[in-house]
Every structure is written in structure tokens, then in C-alpha cells.
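# Examination of the molecular architecture
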Amino acid sequence: MSTANLTDPQNCQNFFQQRIVRAVEYWLNHDAVKQLKIAYLDKEKEAILKAISLGLQFAPAWPIVRALIVALTSFMERRGHWDAWQQVLQRSIGVAQQVGDADGEVTLTALLARLSQRMSKPDDVVCYYRRVIRLARRSGNQYELARACSNLGFLYIDGGHWGRSEVLNRRALTLFEKLDSAHGRAHTHNHLGLLYIRMNKWQDAKKNLEKACLLWETINDDASLINGYGNLGLLHNELHEPTSAIGYLEKALSKAEEVGEELETANFWVNLGIAYLALEHVETAKQYILNAEAMYRKLNSTAGLAYVWHQLGRVAIYRHEWLKSEEYLQSALQKYSELHNYEGELKVLSELTDYGFVRNNASLVEQWLNRLESRANQLEQYSQSYGIAQKLPDYHTRLSELE
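Report follows, based on the coordinates. Position numbers for residues count from 1 along each chain, tracking the sequence in the order it is written. Owing to the predicted nature of the model, reporting of local features is limited to residues with pLDDT of at least 70; listing and counting of side-chain atom pairs is limited to 80 or more, with chain, interface and lining totals taken over all residues. Only hydrogens and water are set aside; all other atoms, that is, all heavy atoms of the structure, feed into the side-chain values.

### Quick look at the overall build of the protein chain
A tally of regular secondary structure across the protein chain gives 21 helices and zero strands. Overall, the C-alpha framework of the protein chain stretches about 95 × 40 × 35 Å when taken along its three principal axes. Restricting to contacts in the protein chain with at least 6 residues of sequence separation, those with at least 24 account for 56%. Total accessible area on the protein chain stands at roughly 18900 Å², and carbon and sulfur atoms take up 48% of it. For the charge count, each Lys or Arg is scored as positive and each Asp or Glu as negative, with His and the chain ends excluded. Here the site of a charge means atom NZ of a Lys, CZ of an Arg, CG of an Asp or CD of a Glu. Within the protein chain, the 48 negative side-chain charges are centred at a point lying 6 Å from the centre of the 45 positive side-chain charges. Going along the chain from the N terminus, every DSSP run of H or I of four or more residues is numbered as a helix, and every run of E of two or more is numbered as a strand. The contact definition used throughout considers only heavy atoms, calling two residues in contact when any of these lie within 4.5 Å. Reported accessibility uses the Shrake-Rupley method at a 1.4 Å probe radius. Residues are deemed covered only where the shown protein chains occlude them.

Have a look at this one:
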């Protein structure tokens with residue numbers, strides 16, 4: 001049997017490069033990666049990351065390294081390994097540029113944009129998706145162009161750029177229909193459903209969310225159904241139909257826990273808390289929201305923590321824990337402001353005004369009402385859409401009666 005002469009530098013280099021390729025191929029072909037077996041991947045995460053890191057140093061291994069990165073992205077996102085995965089994606093984009101892999105650069109930049117969304121970095125998300133759109137147009141990659149338009153349209157919902165969001169999502173829907181991509185159409189209908197919830201177009205929201213769920217059911221995409229069921233739960237919460245909301249949210253939560261989707265699990269816990277609070281099951285609501293707070297802290301999700309503190313402030317009002325309520329709501333207000341979440345800002349200022357009325361404290365009401373009115377004037381579009389502008393005359397009438 002012949003063996004490599006490892007005293008020769010070239011033979012030594014060839015030997016280690018072959019080891020790298022075998023390690024990457026091993027993980028790429030492993031059942032745990034193909035089937036995203038969470039428990040096994042959690043245990044072997046460091047070994048996989050080491051194989052990828054070594055593979056990125058060896059250009060001939062690039063095609064299989066790229067395939068492994070794409071295959072692992074959902075796992076790394078769901079399990080909250082965001083900082084480590086951000087570094088991998090940034091390095092891999094550099095390698096794609098070095099080897100002239102235009103499609104790879106587009107795909108990996110889109111994945112980095114998606115990760116930045118989870119990491120509550122909206123400016124980075126916009127930057128990366130705009131880059132994807134430029135690269136996809138240049139290379140003629142219609143699928144990635146459609147996906148970037150859809151996902152950028154989704155981002156613009158939270159930023160309040162609703163007209164721009166609708167245009168981008170409609171453009172994406174047209175492209176996905178031409179490509180006959182049920183997966184792409186489903187995600188875009190889901191985004192439109194969320195957009196129409198924000199715009200209070202309830203029937204349009206319901207129609208798009210149900211289309212998304214039907215498409216995902218047709219192609220047996222249980223992982224994506226998590227989003228559809230969760231958003232239908234959100235819709236029914238907005239319609240003040242908590243029992244229906246709980247039904248959808250429990251289905252979404254069950255599927256999220258099956259695949260180890262931690263961020264969405266936390267989101268569903270908060271929304272379940274909101275539904276139970278509407279039913280005045282205060283202790284159940286509080287426990288769900290506290291569960292979510294622990295998960296958001298683990299994931300370092302500032303957007304999630306702002307949402308949690310907002311709801312814990314409402315819970316504390318129900319429990320007559322006045323100092324806690326004000327503390328939670330002011331913490332949420334500060335975070336919403338830092339994140340440019342205008343809906344959150346306006347809603348918390350409204351909650352704080354209501355808090356003043358609950359305390360029967362005219363000076364407190366006046367303090368928060370003045371801030372609410374000032375911010376509503378600055379954000380006129382949002383205050384109209386979120387129903388804040390309509391509340392202001394009633395607040396003034398109630399304040400005059402209180403004084």
C-alpha cells in the first residue's frame with residue numbers, strides 16, 4: 001500500500017486539501033444536514049463551522065462549501081447562531097467574488113440580508129437587498145431578483161413605506177408567477193397579508209394570508225406554514241377575535257417548536273399573551289410573555305424585547321402594578337424610538353395616556369397626551385393609519401372632564 005510522502009511540502013498541502021474536501025462533503029451529504037436534525041446539528045455545530053472555515057480557504061472546494069452554507073442557513077437562523085453565521089456569510093461572499101461566482105454572490109448576499117433582518121439591523125437589510133437587486137439584474141438571475149423585491153417589500157412594511165412595499169411585492173409576485181414558483185408566490189402573498197394588516201385592509205389581508213397557506217400546504221412546506229398560521233393569528237388579534245387568534249397561534253407554535261425556530265416561537269408566545277390578555281386571563285398572558293422575554297434575551301433581539309416590554313406594561317396595568325407598568329412602557333418607548341418603529345412609539349404613547357386616565361391623574365394624562373399629539377403631528381400618516389389621530393379628540397374631552 002502506498003502512502004503520501006508528507007515530508008514533501010506539495011504532497012503535504014495536497015493531503016490537507018483533500019482532507020478539507022472530504023470533511024465538507026461529509027457534512028453536505030450527512031442526513032442530519034439534509035433533514036435539519038436539530039439535536040444532532042446543535043451538538044456538531046462547531047465541527048461543521050470548522051469544516052466550512054477551512055473550505056473557504058481552498059478555492060477548488062468552493063462549490064461544495066457554498067452548497068453546505070446554503071443547506072445550513074435555516075438551521076443557523078432558527079437556532080440563533082447569528083453572529084457566527086454573519087461572519088461565515090461575509091467571508092463566503094468575498095470568496096464568491098474572488099472566484100467569479102456571480103450567482104453565488106447574489107444568493108449569499110440575499111441570505112446575509114435575511115439574517116440582518118433577524119438581527120434587527122434594518123439599515124443593513126436595505127443595503128444588502130439593494131445590492132442583491134443590482135447584482136441579480138446584472139446577471140439576469142430572475143429568481144433572486146424576485147426574492148429580493150419581495151423581502152425588501154416586507155422590510156418596508158415596518159418602516160411605514162407602504163406604497164413602496166406594495167409596488168415591490170406586486171413586482172415580485174409577477175416575476176414569481178412567470179417563474180412558476182409556488183414557494184415565491186406564497187411568501188409574497190404572506191408579505192402582502194402583513195402589509196394589509198398594517199393598512200387596516202382586513203379582507204385583503206385575510207385573502208392573501210389564506211392564499212399563502214394554501215400554496216404552502218400544496219407543496220408540503222410545513223416550515224413556511226409557521227409564518228402563515230402565525231400571521232393569521234396576528235390578524236385575528238387585530239380584529240379583536242382572541243379565540244380565533246389562539247387557534248392559529250397554537251398551530252404555528254407547534255410547528256415552530258418542531259423545527260427549533262426560536263425567534264418565531266418567541267413571537268408567537270407574545271401574540272398568545274396578547275390574545276389571553278384580551279380574554280382577561282392575565283396570569284396566563286403574563287407567563288407567555290415572560291417566556292418570550294427570556295428567548296429574546298437569549299437571541300439578543302432588541303425589537304423583540306421592545307415588543308415584550310410593551311405587552312408587560314399592559315399586563316402590569318391589569319394587575320394594578322403602577323410603577324412596573326410605567327417602567328415597562330417607557331423602556332419599550334425608548335427601544336421603539338431607537339429602532340424607528342413608529343407604530344410602536346405611537347401605540348406606547350397612547351398606552352401611557354390611558355395609564356394616566358386609569359390612575360385618575362390629570363397632570364400625568366396631560367404630560368403623555370402632549371407627547372402623543374406632538375409625535376402624531378410629526379408622523380401624520382402613521383397616526384391616521386394606526387387610529388391614533390381618531391383618539392386625540394376623545395382624549396382631550398376626557399381630560400377636560402377629569403380636571
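### Digging into the packing of aromatic side chains
Ring pairs are drawn from Phe, Tyr and Trp, using the six-membered ring of Trp, whenever the two centres fall within 6.5 Å, and their geometry is named by plane angle: stacked under 30 degrees, edge-to-face over 60, tilted for the rest. Counted according to the given criterion, the structure contains six aromatic pairs. Considering the side-chain rings of Trp-27 and Tyr-40, the 6.5 Å spacing of their centres and the 50° angle between planes classify their relative orientation as tilted. In this pair, Trp-27 sits in helix α1 (residues 9-28) while Tyr-40 sits in helix α3 (residues 38-55), placing the two residues 13 residues apart along the sequence. For Arg-164, the ring lying beneath its charged end belongs to Tyr-156, and the centroid distance is 5.0 Å. Placement of a charge over a ring requires the Lys NZ or Arg CZ to be within 6 Å of the ring centre, with the centre-to-atom vector within 35 degrees of the ring normal. The cationic tip of Arg-398 hangs over the ring face of Phe-357; the distance from NZ or CZ to the ring centre is 3.9 Å.

### Here's the deal with the packing of helix α12 (residues 222-238) against helix α13 (residues 242-259)
Packing of α12 against α13 leaves a shortest axis separation of 8 Å and a crossing angle of 155°. Here α12 lies roughly antiparallel to α13, going by the angle between them. Where α12 crosses over α13, the handedness of that crossing is left-handed. For the pair formed by α12 and α13, the contact residues are Asp-222, Leu-225, Ile-226, Tyr-229, Gly-230, Leu-232, Gly-233, His-236 and Asn-237 on the first element and Pro-242, Ser-244, Ala-245, Tyr-248, Leu-249, Lys-251, Ala-252, Lys-255, Ala-256 and Val-259 on the second. Within the contact of α12 with α13, the residues separate by chemical class into eleven nonpolar, five polar and three charged. Throughout, an axis means a line fitted to C-alpha atoms (over the contacting stretch in the case of helices), and angles, computed between N-to-C directions, take values from 0 to 180 degrees. Under this scheme an angle from 65 to 115 degrees is roughly perpendicular, one under 35 degrees roughly parallel, and one over 145 degrees roughly antiparallel; angles in between are oblique. Put simply, a crossing is left-handed when the front helix is turned counterclockwise from the back one by less than a right angle, and right-handed when it is turned clockwise. When residue character is reported, Ala, Val, Leu, Ile, Met, Phe, Trp, Tyr, Cys and Pro are called nonpolar, Asp, Glu, Lys and Arg charged, and the others, Gly included, polar.

### Observations concerning the environment of Arg-19
Here Arg-19 is to be found in helix α1. Type-normalised accessible area, obtained with a 1.4 Å probe on protein chains alone, sets the label of each residue: buried when under 20%, exposed when over 50%, and partly exposed for intermediate values. On the accessibility criterion, Arg-19 (45% relative accessible area) is partly exposed. When the C-alpha atoms of Arg-19 and Ser-254 are compared, they prove to be 41 Å apart, with 235 residues separating the residues in sequence.

### Details of the pattern of salt bridges
What makes a salt bridge here is a side-chain nitrogen of Lys or Arg within 4 Å of a carboxyl oxygen of Asp or Glu, nothing more. Inspection of the entire model under this criterion finds 20 salt bridges. Salt-bridge contacts for Arg-79 lead to Glu-262; the nearest nitrogen and oxygen are separated by 3.5 Å. Of this pair, Arg-79 sits in the loop between α4 (62-78) and α5 (82-99) while Glu-262 sits in helix α14 (residues 262-278), and the two are 183 residues apart along the sequence. As far as the burial class goes, Arg-79 and Glu-262 line up, both buried. One continuous salt-bridge network, built from bridges that share partners, spans Asp-42, Arg-79, Glu-262 and Lys-298.

### Quick notes on the state of the cysteines
When two cysteine sulfur atoms are found within 2.5 Å, that pair is recorded as a disulfide. This model, assessed by the stated rule, comprises zero disulfides. Here Cys-127 stays unpaired: no disulfide links it, and the sulfur of Cys-149, its closest cysteine neighbor, is 16 Å away. Residue Cys-127 is classed as partly exposed on the basis of its relative accessible area of 41%.

### Re the nonpolar core
The tendency in soluble globular proteins is for nonpolar side chains to be buried side by side. By size, the foremost hydrophobic cluster in this structure holds 133 residues, and its most contacted members are Ile-52, Leu-68, Ile-69, Leu-72 and Trp-85. The element contributing the most residues to this core is α14, with ten residues. The contact partners of Ile-52, leaving out residues within four places of it in the chain, are Val-65, Leu-68, Ile-69, Leu-72, Trp-85 and Val-88. In this description, a nonpolar core means a group of buried Ala, Val, Leu, Ile, Met, Phe, Trp, Tyr and Cys residues linked to one another through side-chain atoms lying within 4.5 Å.

### A word on the environment of Leu-135
Within the element layout of this structure, Leu-135 appears in helix α7 (residues 122-139). Exposure remark for Leu-135: the relative accessible area of 11% places this residue in the buried category. For Leu-135 and Leu-145, which are ten residues apart along the polypeptide, the C-alpha to C-alpha distance reads 8.4 Å. What Leu-135 contacts, discounting residues up to four positions off in sequence, is Glu-105, Val-106 and Thr-109.

### Thoughts on α12
In an α-helix, one turn spans 3.6 residues, which is why side chains three or four residues apart end up on the same side. Multiplying one less than the number of residues by 1.5 Å gives the expected span of a helix. An ideal rise of 1.5 Å per residue puts 24 Å on 17 residues; α12 measures up with 25 Å between its terminal C-alpha atoms. Burial analysis of α12 places 13 of its 17 residues in the buried class, which makes it a mostly covered element. Just downstream of α12, His-240 is the residue with a positive phi angle, here 60°.

### Brief notes about the packing of helix α18 (residues 342-358) against helix α21 (residues 388-402)
Packed helices, taken two at a time, are described by their axes: the angle between them and the distance between them. Relative orientation of the contacting elements α18 and α21 amounts to 20°, with a least axis distance of 11 Å. Here α21 runs roughly parallel to α18, going by the angle between their axes. As for the relative orientation of α18 and α21, their crossing is left-handed in sense. Contacts from Leu-346, Ser-350, Thr-353, Asp-354 and Phe-357 in α18 reach Ile-388, Lys-391, Tyr-395, Arg-398, Leu-399 and Leu-402 in α21.

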